[in-house]
Amino acid sequence: MDPADRIELHELATRYGDLVDARDWEGLSEVFTDDVVYGSPAMPGQDLVGIAIVRKWMGRQRHPIAHHITNIRVEEDEQGVRLRSRVILIGDDGTSRSGEYLDEVRPTPAGWRICRRSFTARVRPDTDRPA
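Since this is a predicted model, take the numbers as computed values, not measurements. (Residues numbered from 1 in each chain as written. Predicted model: local features only at pLDDT ≥ 70, side-chain atom pairs only at ≥ 80, totals over all residues. Heavy atoms only, no water.)

Our next topic: the sheet that holds strand β2 (residues 48–49). Spatially, the six strands line up as an open sheet ordered β2-β1-β6-β5-β4-β3, and their pairing is mixed. Single-partner strands in this sheet number two, and they are β2 and β3 (66–77). Relative to strand β5 (residues 96–108), strand β4 (residues 80–90) is paired through ten bridges, and the arrangement is antiparallel. When the sheet's bridge partners are listed, I90 is paired in β5 with S96. Running over the sheet, helix α1 (residues 3–21) touches β1 (32–39), β3, β4, β5 and β6 (111–121) and is turned about 150° from β3. Across the face of the sheet, helix α2 (residues 51–60) comes into contact with β1 and β2 while running at roughly 55° to β1. (Pairing = 2+ DSSP bridges. Helix = DSSP H or I, 4+ residues; strand = E, 2+ residues; numbered from the N terminus. Contact = heavy atoms within 4.5 Å. Axes fitted to C-alpha atoms, helices over the stretch in contact; angles between N-to-C directions.)

Encoded structure:
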């Protein structure tokens, strides 16, 4: 993978945070494929499939006011390309939480897009409470 692809993938990760913070659900096509699968190990069997379903679901959620995407790492092997990142979430009450994204990505005519996303909330090691 060339450096330009790596830069584009880093920007893809951060663009997601900007779109969600702006509540720009239509703009999610700038980061997801039309057939995206969005899920979480905390909700097995409840994956959201397709950009239209993801947009509708996003529009019904109460989102933090800020998504700070960090620790972005691109992994490439014979299985494909994955993007790992962490997110620090800031709530409107000033509380913070953290989580991790694991994304499968693929090139499209419009650039790299996430075709499968898994979100895992980080929890304190000594409890089951979010960190």
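Judged by nonpolar contacts, the single largest core of 27 residues is most densely connected at Y16, L28 and F32. Those elements that provide at least two residues to this core are α1, β1, α2, β3, β4, β5 and β6. Examining the composition of this core, we find that six residues originate from one element, α1, more than from any other. The contacts of Y16, once residues within four sequence positions are left out, are L28, V31, F32, Y38, M58, Y101 and R117. (Core = buried A, V, L, I, M, F, W, Y, C linked by side-chain atoms within 4.5 Å. Buried < 20%, exposed > 50% of the residue type's maximum accessible area, 1.4 Å probe, protein only.)

We now examine the side chain of H63. Structurally, the position occupied by H63 is in the loop between α2 and β3. There is a polar contact of 2.8 Å between the side chain of H63 and the backbone oxygen of M58. Apart from the residues within four sequence positions on either side, H63 is in contact with V20, R23, W25 and M58. (Polar contact = N/O pair within 3.5 Å; in protein donor to acceptor, adjacent residues only side chain to side chain.)

Of the pockets and cavities examined, the largest pocket occupies roughly 470 Å³. Taken together, 21 residues form the lining of the largest pocket, with Y38, W57, L89, R97 and F119 sitting closest to its centre. Within the residue set of the lining of the largest pocket, elements represented by two or more residues are β1, α2, β5 and β6. Among the residues making up the lining of the largest pocket, the classes are represented as twelve nonpolar, seven polar and two charged. Size it by volume and the second largest pocket reaches roughly 170 Å³. Around the second largest pocket sit N71, R73, R84, S85, R86, E100, Y101, L102, S118 and T120, which together line it. (1 Å grid on protein atoms, 1.4 Å probe; cavity = no way out; pocket = protein on both sides within 12 Å on 5 of 7 lines; lining within 4 Å. Points joined across faces, edges and corners; volume = space filled by probe spheres on them. Nonpolar A, V, L, I, M, F, W, Y, C, P; charged D, E, K, R; others polar.)

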